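Examining the three-dimensional arrangement
In case you want the letters, here they are:
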Amino acid sequence: MSEDVRLVAWVRGRVQGVGFRWFTRAKALEIGGLSGFALNLGDGRVQVVAEGAREGCQGLLEWLRSDDTPGRVDGVTEIWDTPRGGYEGFAIR
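Residues numbered from 1 in each chain as written. Predicted model: local features only at pLDDT ≥ 70, side-chain atom pairs only at ≥ 80, totals over all residues. Heavy atoms only, no water.

By the naming in an unreviewed UniProt entry, the chain goes by acylphosphatase and is assigned to Streptomyces dubilierae. Reading the Catalytic activity (unreviewed entry) entry of the UniProt record for the chain gives the comment "an acyl phosphate + H2O = a carboxylate + phosphate + H(+)". The annotation that UniProt attaches to the chain under Sequence similarities (unreviewed entry) is "Belongs to the acylphosphatase family." (UniProt positions renumbered as here; feature names shortened; annotations may be inferred.)

Next up, the structure:
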């Protein structure tokens, strides 16, 4: 059985105004079994919180760091934690 985790990632670069949150939600839904959200921050970064199986969260993180995202990702900082729950699906905030 897979371990459930919480991934919090901060994505910097040209990631606002390019559909980044929408595509992040679509990727999370494609991976399946993930809940959480993507949120624009005031400093130009996007915060992504995902909870679910470690493999799914790792897949989302790898996608965030790939060349397949909209805009331009200059870097991703992440922390791993235990899930807190309380999310209905994967939202854009």
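Moving on to the nonpolar core. Grouped together as the largest cluster of nonpolar side chains are 19 residues, with contacts concentrated most on Val11, Val48 and Leu64. Counting residues per element, this core draws most heavily on helix H2 (residues 54–64), at five residues. Apart from residues lying up to four places away in sequence, Val48 is in contact with Leu7, Val8, Ala9, Val11, Thr24, Phe37, Ala38, Leu60, Leu64 and Phe90. (Core = buried A, V, L, I, M, F, W, Y, C linked by side-chain atoms within 4.5 Å. Buried < 20%, exposed > 50% of the residue type's maximum accessible area, 1.4 Å probe, protein only. Helix = DSSP H or I, 4+ residues; strand = E, 2+ residues; numbered from the N terminus. Contact = heavy atoms within 4.5 Å.)

Let us now look at the packing of aromatic side chains. Considering all chains together, one arrives at three aromatic pairs under this definition. Measuring from ring centre to ring centre gives 6.2 Å for Phe20 and Trp63, while their planes differ by 35°; the resulting arrangement is tilted. Of the two residues, Phe20 is situated in helix H1 (residues 20–31) and Trp63 in helix H2; the sequence distance between them amounts to 43 residues. For Phe20, a relative accessible area of 1% translates into the label buried. Taking the centre distance of 5.8 Å and the plane angle of 55° together, the rings of Phe37 and Tyr87 count as tilted. Here Phe37 is found in strand S2 (residues 35–40), whereas its partner Tyr87 is found in the loop between strand S4 (72–81) and strand S5 (90–92), with 50 residues between them in sequence. By relative accessible area, which is 7% here, Phe37 ends up buried. Judged by its relative accessible area of 22%, Tyr87 is partly exposed. Note that Arg54 overlies the ring of Trp80, its terminal NZ or CZ placed 5.3 Å from the centroid. (Phe/Tyr/Trp six-rings, centres within 6.5 Å; stacked < 30°, edge-to-face > 60°. Lys NZ or Arg CZ within 6 Å of the ring centre and 35° of its normal.)

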